[in-house]
Amino acid sequence: MFQIPSISRIESTRRQRTIKSQVDVEGFGFWSSKDVVFSFRPAPENSGIRFFRADLPGSDPIPALVYNRIKKPRQTSLASGIAQVDMVEHALAALRGARIDNCDIIVNSPEAPGLDGSASVFIDAFLKVGTEEQNSEQIRLKILETGVFTDDSNPNGGKIIVAPNDRKQTIFEYNLHYDRPNHIPNQTAFFDFSQAPEIFQTEIAPCRTFLTIEEADYLRQQGICARVSAQDVLVYGEDGPIDNDLRFDNECARHKILDMIGDFSLAPFDWEGEFHATKTGHQQNAEVLLSMLNSLSHKNLR
Ligand SMILES: [Zn+2]
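Values in this document were obtained by computation on a predicted structure and should not be read as measured data. (Residues numbered from 1 in each chain as written. Predicted model: local features only at pLDDT ≥ 70, side-chain atom pairs only at ≥ 80, totals over all residues. Heavy atoms only, no water.)

Novice: Please explain the coordination of the zinc ion as it appears in this structure.
Specialist: Working reference: metal with six octahedral donors, ideal angles 90 or 180 degrees; metal with four tetrahedral donors, ideal angle 109.5 degrees. Taken together, the protein donors to the zinc ion comprise His90 (NE2), His255 (NE2), Asp259 (OD) and Asp259 (OD), at separations of 2.0 to 2.7 Å. Because the angles between the four donor atoms bound to the zinc ion fall within 52 to 150°, the donor set is best described as irregular. With relative accessibility at 8%, the residue Asp259 sits in the buried group. (Donors = N, O, S within 2.8 Å, 3.2 Å for Na, K, Ca; no water. Tetrahedral: all angles 85-135°; square planar, octahedral: opposite > 155°, others 65-115°. Buried < 20%, exposed > 50% of the residue type's maximum accessible area, 1.4 Å probe, protein only.)

The structure is reproduced here in structure tokens:
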């Protein structure tokens, strides 16, 4: 259930940007174990973020829009026609973090490189090569009143509160809270996305994806994530991360903010407002974003 807040287009505060020149990021997909190269290239203004499956000649481009999202557990996947690309949330968060609005991503496999389960490699690559301002203004939307989303599929009460911010900021907060005993301690993270990209680069981008040893064992039994080790991502046992050290005390909650930034970038707009989430994930982020977009008329946006 979502009591959708009213939203209005306001004056833009910046122009659109693209990446200055091509940069490639290589690795392997966590789920598929396949080697992959993601090649990020400059793109014209108003073209948005688009994936192209070079290994599927003639296939449709896949615009990074919430309308193209398909349901897959524990990740954000996009599809258009026969073309699909999985686990794109960390690359998308890094693009948004670097304020790259227009970018063509040529890919040769159906899944993003997992790397260390964070967005560091992506954002480091983007900020190193630099970004370029374009002519068109980036559309900016302001949240005018509080709206509350409750996750009806979760009996333990997942929730996202969308609220106005009178200091012209974009705020993300995540409350990680397990009701049953869990190796991962309850924790909270808060991030002001209005700060410079370099703050996102140091405070949020390095935070890695996480799971419990029981979840890791289950995935391995299914033959999934065979190339991923406890040194690659955070695997929690009884005494904390196995074979690994935390980068922040609340690294898991910060990672959930990273996921939120990636998921909420599936609409080509800047937001002025606050997103406070508790016990939610990719699916709930998408439901909130889709509901808010559907409540806006095209007249509001053009
Ligand atoms: Zn993630």
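This is not the end of the story, as more comes after the structure.
Novice: Would you explain the packing of helix α1 (residues 89-97) against helix α5 (residues 251-264) in this entry?
Specialist: The description of two helices packed together rests on the angle between their axes and the distance between the axes. Relative orientation of the contacting elements α1 and α5 amounts to 75°, with a least axis distance of 7 Å. As far as their axial angle goes, α5 and α1 are roughly perpendicular. Along its contact with α1, which presents Glu89, His90, Leu92, Ala93 and Arg96, the element α5 presents His255, Leu258, Asp259, Ile261, Gly262 and Asp263. Split into classes, the residues belonging to the contact of α1 with α5 amount to four nonpolar, three polar and four charged. (Axes fitted to C-alpha atoms, helices over the stretch in contact; angles between N-to-C directions. Helix = DSSP H or I, 4+ residues; strand = E, 2+ residues; numbered from the N terminus. Parallel < 35°, antiparallel > 145°, perpendicular 65-115°, else oblique. Contact = heavy atoms within 4.5 Å. Nonpolar A, V, L, I, M, F, W, Y, C, P; charged D, E, K, R; others polar.)

Novice: I would appreciate a short explanation of the sheet that holds strand β19 (residues 240-241) in the present structure.
Specialist: In any sheet, the strands associate via hydrogen bonds between backbone groups, in a parallel or an antiparallel arrangement. Taken in spatial order, the three strands of this open sheet run β17-β18-β19, and their pairing is mixed. The strands lining the two open edges of the sheet, one partner per strand, are β17 (210-212) and β19. The strands that helix α4 (residues 213-221) touches are β17 and β18 (234-237); relative to β17, the one it contacts most, it runs at about 90°. (Pairing = 2+ DSSP bridges.)

Novice: Explain the pattern of salt bridges to me, please; I cannot follow it from the model alone.
Specialist: Opposite charge on two side chains allows them to pair when their charged atoms are near. Per the counting criterion, the structure on display carries 13 salt bridges. Its salt-bridge partner being Glu133, residue Arg17 comes within 3.6 Å of it at the nearest N-O pair. Of the two residues, Arg17 is situated in strand β2 (residues 15-19) and Glu133 in strand β11 (residues 131-137); the sequence distance between them amounts to 116 residues. Across the pair Asp86 and Lys72 runs a salt bridge whose closest N-O atoms are separated by 2.8 Å. You can see Asp86 sitting in the loop between β9 (83-85) and α1 and its partner Lys72 sitting in the loop between β7 (69-70) and β8 (77-80), a full 14 residues away along the chain. With relative accessibility at 10%, the residue Asp86 sits in the buried group. Relative accessible area serves as the criterion here: at 31%, Lys72 is assigned to the partly exposed category. (Salt bridge = Lys/Arg side-chain N within 4 Å of Asp/Glu carboxyl O.)

Novice: Teacher, can you tell me more about the pairing of strand β14 (residues 159-163) here?
Specialist: The two faces of a sheet get side chains in turn, since along a regular strand they alternate between them. Where strand β13 (residues 147-150) meets β14, four bridges bridge the pair, whose relative direction is antiparallel. By the bridge assignment, Gly147 is partnered in β14 with Val162. As paired elements, β14 and strand β20 (residues 270-278) share five bridges and run antiparallel to each other. Bridged to Val162 within β20 is Phe275.

Novice: For this particular structure, what's the right way to read α5?
Specialist: Side chains of residues three or four places apart in an α-helix project in the same direction, reflecting 3.6 residues per turn. For α5, spanning 14 residues, the distance from its first C-alpha to its last is 20 Å, which sits close to the expected 20 Å at 1.5 Å a residue. Among the 14 residues of α5, 14 are classified as buried, and the element is accordingly described as predominantly covered. (Expected span 1.5 Å × (residues − 1).)

Novice: Whenever I open this one, the sheet that holds β9 confuses me. Can you help?
Specialist: Spatial strand order, β7-β8-β9: three strands in an open sheet with antiparallel pairing. Strands at the two margins of the open sheet, each flanked by one partner only, are β7 and β9. Across two bridges, β7 lies against β8 in antiparallel orientation. Of the residues in β8, the one forming a bridge with Ile70 is Ser77.

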